[in-house]
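# Inside the fold
Spelled out from the first residue to the last, the chains are:
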Amino acid sequence: MKLSIEKAQGFVPAGSLTAVAAQTASCNELLESGKGAGNDFLGWVNLPSSITAEFLAEVQATADLLRSKAEIIVVAGIGGSYLGPRAVNEALDHTFGLNGNNPRVVYAGNNIGEDYLADLMELLEGKTFAIINISKSGTTTETALAFRLLKTKLEAQVGKAAAKDLIVAVTDKEKGAARKLATKEGYKTFVIPDNVGGRFSVLTPVGLLAIACAGHDIKALVKGAQDMEKATGADVPYEQNPAAQYAAIRNALYQYGK
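The paragraphs below set out a description of the structure included in this document. (Residues numbered from 1 in each chain as written. Predicted model: local features only at pLDDT ≥ 70, side-chain atom pairs only at ≥ 80, totals over all residues. Heavy atoms only, no water.)

Within the protein one finds 11 helices and five strands. By principal-axis analysis of the C-alpha atoms, the protein measures approximately 70 × 40 × 35 Å. Scored against the burial criterion, the 258 residues of the protein give a buried share of 40%. Restricting the contact set of the protein to residue pairs at least 6 apart, pairs at least 24 apart contribute 73%. Summed over its atoms, the accessible surface of the protein is roughly 14100 Å², and 55% of this surface lies on carbon and sulfur atoms. Here the protein contributes 26 positively and 27 negatively charged side chains, and the mean placements of these two sets differ by 2 Å. (Helix = DSSP H or I, 4+ residues; strand = E, 2+ residues; numbered from the N terminus. Buried < 20%, exposed > 50% of the residue type's maximum accessible area, 1.4 Å probe, protein only. Contact = heavy atoms within 4.5 Å. Areas by Shrake-Rupley, 256 points an atom, 1.4 Å probe, with all protein chains shown as cover. Lys, Arg positive; Asp, Glu negative; His and termini not counted. Charge placed at Lys NZ, Arg CZ, Asp CG, Glu CD.)

Our focus in this paragraph is the nonpolar core. Of all hydrophobic cores here, the largest spans 52 residues; its most connected members are Val74, Ile132, Leu150 and Leu209. It is helix H9 (residues 205-213) that contributes the most residues to this core, seven residues altogether. The residues touching Leu209, leaving out its near neighbours within four places in the chain, are Val59, Thr62, Ala63, Ile132, Val168, Val170 and Phe190. (Core = buried A, V, L, I, M, F, W, Y, C linked by side-chain atoms within 4.5 Å.)

With that settled, consider the sheet that holds strand S1 (residues 72-76). Taken in spatial order, the five strands of this open sheet run S2-S1-S3-S4-S5, and their pairing is parallel. Each edge of the sheet is formed by a strand with only one pairing partner; in this case those strands are strand S2 (104-108) and strand S5 (188-191). Direction aside, neighbouring strands of the sheet carry axes that sit 20 degrees apart on average. Relative to strand S4 (residues 167-171), strand S3 (residues 129-134) runs parallel, the two being bridged by four bridges. Looking at S4, one finds that Ile131 is bridged to Ile167. Together, S1, S2, S3 and S4 form the strand contacts of helix H6 (residues 141-158), whose direction differs from that of S3 by roughly 155 degrees. (Pairing = 2+ DSSP bridges. Axes fitted to C-alpha atoms, helices over the stretch in contact; angles between N-to-C directions.)

In this structure, the largest pocket encloses a volume near 790 Å³. In terms of lining residues, the largest pocket is bounded by 25 residues, among which Trp44, Pro48, Phe200, Leu203 and Met228 are the most central. Sorting elements by how many residues they give to the lining of the largest pocket places helix H10 (residues 218-231) first, with five residues. Put simply, the second largest pocket is a space of about 480 Å³. Around the second largest pocket, the lining is made up of 21 residues, and of these Asp93, Arg104, Val105, Val106 and Tyr107 lie nearest the centre. Looking at the lining of the second largest pocket, the elements that each hand over two or more residues are helix H4 (80-92), S2 and helix H5 (114-124). Here the residues of the lining of the second largest pocket sort into nine nonpolar, seven polar and five charged. (1 Å grid on protein atoms, 1.4 Å probe; cavity = no way out; pocket = protein on both sides within 12 Å on 5 of 7 lines; lining within 4 Å. Points joined across faces, edges and corners; volume = space filled by probe spheres on them. Nonpolar A, V, L, I, M, F, W, Y, C, P; charged D, E, K, R; others polar.)

In this section: the packing of aromatic side chains. Tallied over the full model, the rule gives two aromatic pairs. Consider the rings of Trp44 and Phe200, whose centres lie 4.9 Å apart with planes at 15 degrees: the pair is stacked. Highlighted residues: Trp44 in the loop between helix H1 (16-33) and helix H2 (47-50) and Phe200 in the loop between S5 and H9, separated in sequence by 156 residues. Taken together, a centroid distance of 5.9 Å and an interplanar angle of 50 degrees make the contact between Tyr82 and Tyr107 tilted. One end of the pair, Tyr82, is in helix H4; the other, Tyr107, is in strand S2, and 25 residues separate them in sequence. Residue Tyr82 is classed as buried on the basis of its relative accessible area, which comes to 10%. Over the ring of Phe190 we find Lys188, and its NZ or CZ is 4.9 Å from the ring centre. (Phe/Tyr/Trp six-rings, centres within 6.5 Å; stacked < 30°, edge-to-face > 60°. Lys NZ or Arg CZ within 6 Å of the ring centre and 35° of its normal.)

Structure (structure tokens):
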């Protein structure tokens, strides 16, 4: 990723970036130290470099299993629990849906529109499908409602035993209704890290599993994120740090009424 702020600098007085740029180093250091306000949810800062090859292999193996069994994969989630993977998939998918032999990935649990749910059930009728249920608590109304409908339909279609292998739960490590149900039913599970907020969760199982199911290269995606983590660290000088430059020009523009 390349960043050019040359054009934007024309909208602020000459030299106005100097003071703001000096602040970026201290802000970045505070961020990476984990000592500032909101530090309980800073897991995203060094998330890319914490991802192991073994973890990626597990996610890919699960995705490959679902891909081998399902024509359609339904991702049930709301907010950050589905917007990340949906954004990546829509960016990388063929514009007109020509994605080869990859299963179709669709989304549910982000609204309670009866037309939407009815159309989804019609789409799934007579199709082999799998479910990725993304919910930390398991009690968010929209997602819980969609999952119950999907689970009922899948079990009616293939039987309870076979349905178990077509449902994956991405949820809390040990608590919540979704975790209890997954343990009871024997679903394959992945954990949503406690210190990563939903809007930053695309590089956790929340995003990576659905992206892999769509046929995209999660190893390459994570490698790019790891490269950007290195390029934007607190030890990278302002002149070479795209995140610091972006933050500085944004703040300078804001200060001058833009």
